[in-house]
Amino acid sequence: DSGVTQTPKHLITATGQRVTLRCSPRSGDLSVYWYQQSLDQGLQFLIHYYNGEERAKGNILERFSAQQFPDLHSELNLSSLELGDSALYFCASSAVAGGTDTQYFGPGTRLTVL
Amino acid sequence: AQSVTQLDSQVPVFEEAPVELRCNYSSSVSVYLFWYVQYPNQGLQLLLKYLSGSTLVESINGFEAEFNKSQTSFHLRKPSVHISDTAEYFCAVRWGNTPLVFGKGTRLSVIA
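Residues numbered from 1 in each chain as written. Chains lettered and ligands numbered in written order. Predicted model: local features only at pLDDT ≥ 70, side-chain atom pairs only at ≥ 80, totals over all residues. Heavy atoms only, no water.

Before going further, it helps to spend a moment on the sheet that holds strand β8 (residues 74-78) of chain A. Residue and element names in this part refer to chain A. The strand order across the open sheet formed by four strands is β1-β3-β8-β7, and the pairing between neighbours is antiparallel. Either end of the sheet is taken by a strand with one partner, and the two such strands are β1 (5-7) and β7 (64-68). Direction aside, neighbouring strands of the sheet carry axes that sit 15° apart on average. The pairing of strand β3 (residues 19-24) with β8 spans five bridges and is antiparallel. Bridge pairing in β8 places C23 opposite S74. (Pairing = 2+ DSSP bridges. Helix = DSSP H or I, 4+ residues; strand = E, 2+ residues; numbered from the N terminus. Axes fitted to C-alpha atoms, helices over the stretch in contact; angles between N-to-C directions.)

Here strand β5 (residues 42-50) of chain A runs beside strand β6 (residues 53-57) of chain A; their pairing, made up of four bridges, is antiparallel. For Y50(A), the partnering residue across the bridge sits in β6(A) and is E53(A).

Turning our attention to the interface of chain A and chain B. The partner chain B presents 18 residues to the 21 residues of chain A that form the contact. Buried area between chain A and chain B, summed over both chains or domains, comes out near 1500 Å², and the portion from carbon and sulfur atoms is 55%. Where chain A packs against chain B, one counts zero salt bridges. Across the chain A-chain B interface, the total number found is five residue pairs in polar contact (both at pLDDT 80 or more). Of all the secondary structure elements, the ones that give two or more residues to the side of chain A that touches chain B are β4 (31-38), β5 and β9 (87-94) of chain A. (Contact = heavy atoms within 4.5 Å. Buried area = accessible area lost by both parts, 1.4 Å probe. Salt bridge = Lys/Arg side-chain N within 4 Å of Asp/Glu carboxyl O. Polar contact = N/O pair within 3.5 Å; in protein donor to acceptor, adjacent residues only side chain to side chain.)

Okay, unusual backbone geometry next. Cis geometry marks the peptide bond from T7(A) to P8(A); its omega dihedral reads -10°. Along the polypeptide, P8(A) turns up in the loop between β1 and β2 (10-13). A positive phi angle, close to 75°, is found at E16(B), a residue other than glycine. As for its position among the elements, E16(B) is in the loop between β2 (10-14) and β3 (19-21). By relative accessible area, E16(B) is classed as exposed at 62%. Although it is not a glycine, T72(B) adopts a positive phi angle of roughly 45°. Its place among the elements puts T72(B) in the loop between β8 (64-68) and β9 (73-78). (Buried < 20%, exposed > 50% of the residue type's maximum accessible area, 1.4 Å probe, protein only.)

Any functional reading would require information beyond the geometric quantities listed.
Written out as C-alpha cells, the structure is:
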C-alpha cells in the first residue's frame, strides 16, 4: 500500500458526460501528479500540482482540468467525454517537487466511456 | 524531445532463469532513473532508482540495474526469476525537474 488513495476505483459513463476523479496524497506529501495509462499511448503525464499551485502541464486536453485543494487532495475533471478517453488514470504523490523525489502511485481509476 | 525506449514489449522466461529488461533514454545530462513494477490490476510500485553515486543499484527482491552514462542505458536484471515476478515493468526518467517520462513497458512472463 503506497498510502495514496484514489476514488472511485471504476467509473462507467457515456460520451459527452463529465466526471471527477479524486486523489488523496500520502500524509505529508505536497506534490500530486496525474497520469493517463492507455494501451496505445502508454503512461502519459497530464499535470503536476505542488502545494495548491500548478507546476507543470503535460499532454492534458483542454477538456480536462485539475486542482489541488488546501487539504492537498486533488481532483481531475474530465468533460465532454469521448470514447478515446477510456483509460486508467493514476495519481502519484511526492514529498516536494524535485527531480530526485520518488513518486508514489495510487491504485488508479479505470474510466470506461460507452 | 526527451524519450525513453523499452525495446522489448514482452519477455517470456523460465522460472529460475536470468532476465534482462532493457531501457534506453535520450540523454544522460542531469538524469534520474527509475524502474517501476505494475502487478495485474494494481498501481505502479517503485522497484529501484538511480539518483547519483554508485552506478549499480539494487532492490530488496533481487533486481538490480546499472546506470551506463555513455550507452544512455539503465537495464534491469535479475539472476534468477520467480513466478511472482510476472508483471509489467516500466522504466522512467526525469531530466532535472522535468516530469517523469515513462517507457512503453515490458511484460515479463515467468513460465513454470
